[in-house]
Every structure is written in structure tokens, then in C-alpha cells.
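# Examining the three-dimensional arrangement
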Amino acid sequence: MPTIKANQIDLYYEVHGQGEPLVFAAGFNTDHHVFDKFIDIYKKHFQVIVFDYRGTGESSAPEMSYTIEMMADDLMALCDGLHIDKCYFVGVSMGVFVLLNLAARYPHRCKKLVLSNNAVKLDPRMALLMQLNLELLKAGVDQKLVVK
């Protein structure tokens, strides 16, 4: 299982293909598997990098509050560990906010950003769903067992 030490945690990642680096940043409460269907398509043209945020998938899950800034710093540490100076980024949902934070603080590291399914303001139903998911995470409930 490939991991890199990033800000005192083990960050899980996978690298597929060759070419210019393209990093996929997932949404809230998902792991690198959300991009499984895209890897074979993009690895023909890019070096595709997928990873798990702290607290998800195969990465470390320290007991503490996580911030978007922290996740952006973890992603920069991953790029540093893989010797990637500048790359393309694709973000989905929460990944958009991670990448916007990353681009604001490290613009020289970003070739292009592709941002999908982001929201400026959550509607009340989505805010409630996010709060319930957060409570399940805090309680240690395996989200894969929850009917969606």
C-alpha cells in the first residue's frame, strides 16, 4: 500500500500511467475509488494520481478536527513527496474547495484546475445530510453500511 508521510500522517495514494501529472481530489466522505472509472481513460495521456484525504480510505485518521487548509497542505505534501512541481488538478464537490484553497496559496504549483459539482451555498436538505454524515463519522459508523 503506497503511502507518503504528509504533515505527520500517512497519506495513501496511487499513480497510474505516464505523462504530465493529473491529480484527482475527491468529495466529502469519499476515497480514491470514486475515480476508478476515470483512471483507465486518463492514464493514456497523463500520470494520474488519486489519493485518500486524512480520515478517509487508507490514509491515517487522527482524532482531531480537519480543515480544508489542512487537506490542501496534505495534497501539497503529496506532490512534494512525488517530486511534482506543477500539475493539473481535478476536484469534485469538497475537492473543489480543497483545490481553490491550494490554488490561492500555491498558484505556482497549478497548471490548470477543473472544478465540478461545487456549491456556493448548501440548500437546507443538503446541509442536514452533511451534518448527519458528520455525526455518523464521529460515531465511527461505517458509511458503507448505511443505506443511501
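Computed from a predicted model, the values in this text were never measured in an experiment.

Here we come to the environment of His108. With respect to the helices and strands, the residue His108 is situated in the loop between helix H3 (94-105) and strand E6 (110-116). Exposure remark for His108: the relative accessible area of 55% places this residue in the exposed category. In this structure the C-alpha to C-alpha distance between His108 and Cys87, which are 21 residues apart in sequence, comes to 9.6 Å. Every residue in contact with His108, bar those within four places of it in the chain, is listed here: Asp85 and Lys86.

Here we come to the packing of helix H2 (residues 68-81) against H3. At a minimum axis separation of 8 Å, H2 and H3 run at an interaxial angle of 70°. Taken as axis vectors, H2 and H3 run roughly perpendicular relative to one another. Packed against H2, whose contacting residues are Ile68, Glu69, Met71, Ala72, Asp73, Leu75 and Met76, the element H3 presents Met94, Phe97, Val98, Leu99, Asn101, Leu102 and Arg105 at the interface. The residue makeup of the contact of H2 with H3, split by class, is ten nonpolar, one polar and three charged.

Now for the side chain of Ser59. Relative to the elements of secondary structure, Ser59 occurs in the loop between strand E4 (46-51) and H2. Of the polar contacts made by the side chain of Ser59, one reaches the backbone oxygen of Asp52; its length is 2.6 Å. For Ser59, the residues in contact, after removing those within four places along its chain, are Asp10, Leu11, Tyr12, Asp52, Tyr53 and Arg54.

What follows concerns the pattern of salt bridges. Where charged atoms from two side chains of opposite charge approach closely, those side chains can pair. This model, assessed by the stated rule, comprises six salt bridges. One salt bridge connects Glu20 with Lys111, and the closest N-O pair in it is separated by 2.2 Å. Here Glu20 is found in strand E3 (residues 20-25), whereas its partner Lys111 is found in strand E6, with 91 residues between them in sequence. Overall, Glu20 belongs to the partly exposed group, its relative accessible area being 35%. When its relative accessible area of 34% is taken as the criterion, Lys111 is described as partly exposed. Where Asp40 meets Lys43, a salt bridge forms, and the shortest distance between an N and an O atom there is 3.3 Å.

Ordered in space as E1-E2-E4-E3-E5-E6, the six strands form an open sheet in which the pairing is mixed. Strand pairing shows two members of the sheet lacking a second neighbour, strand E1 (3-6) and E6, which therefore form its edges. Pairs of neighbouring strands in the sheet enclose a mean axial angle of 25°, with direction left out of account. Both E1 and strand E2 (residues 9-16) contribute to a ladder of four bridges, which runs antiparallel.

This part takes up the pairing of E2. The turn linking E1 back onto E2 is made up of two residues, and Asn7 within it adopts a positive phi angle of 55°. Of the pairings in the sheet, the one linking E2 to E4 comprises four bridges and is antiparallel in character. If you follow His16 over to E4, its bridge partner there is Val48.

Residues Phe38, Ile41 and Tyr42 make up a contiguous nonpolar surface patch of about 280 Å² in total accessible area. As for its placement among the helices and strands, Tyr42 is situated in helix H1 (residues 36-42). Residue classification places Tyr42 among the partly exposed positions, given a relative accessible area of 33%.

What counts, and where the lines are drawn
Residues numbered from 1 in each chain as written. Predicted model: local features only at pLDDT ≥ 70, side-chain atom pairs only at ≥ 80, totals over all residues. Heavy atoms only, no water. Helix = DSSP H or I, 4+ residues; strand = E, 2+ residues; numbered from the N terminus. Buried < 20%, exposed > 50% of the residue type's maximum accessible area, 1.4 Å probe, protein only. Contact = heavy atoms within 4.5 Å. Axes fitted to C-alpha atoms, helices over the stretch in contact; angles between N-to-C directions. Parallel < 35°, antiparallel > 145°, perpendicular 65-115°, else oblique. Nonpolar A, V, L, I, M, F, W, Y, C, P; charged D, E, K, R; others polar. Polar contact = N/O pair within 3.5 Å; in protein donor to acceptor, adjacent residues only side chain to side chain. Salt bridge = Lys/Arg side-chain N within 4 Å of Asp/Glu carboxyl O. Pairing = 2+ DSSP bridges. Patch = residues over 30% accessible without salt bridge, like charges linked within 9 Å, V, L, I, M, F, W, Y side chains within 5 Å. Areas by Shrake-Rupley, 256 points an atom, 1.4 Å probe, with all protein chains shown as cover.

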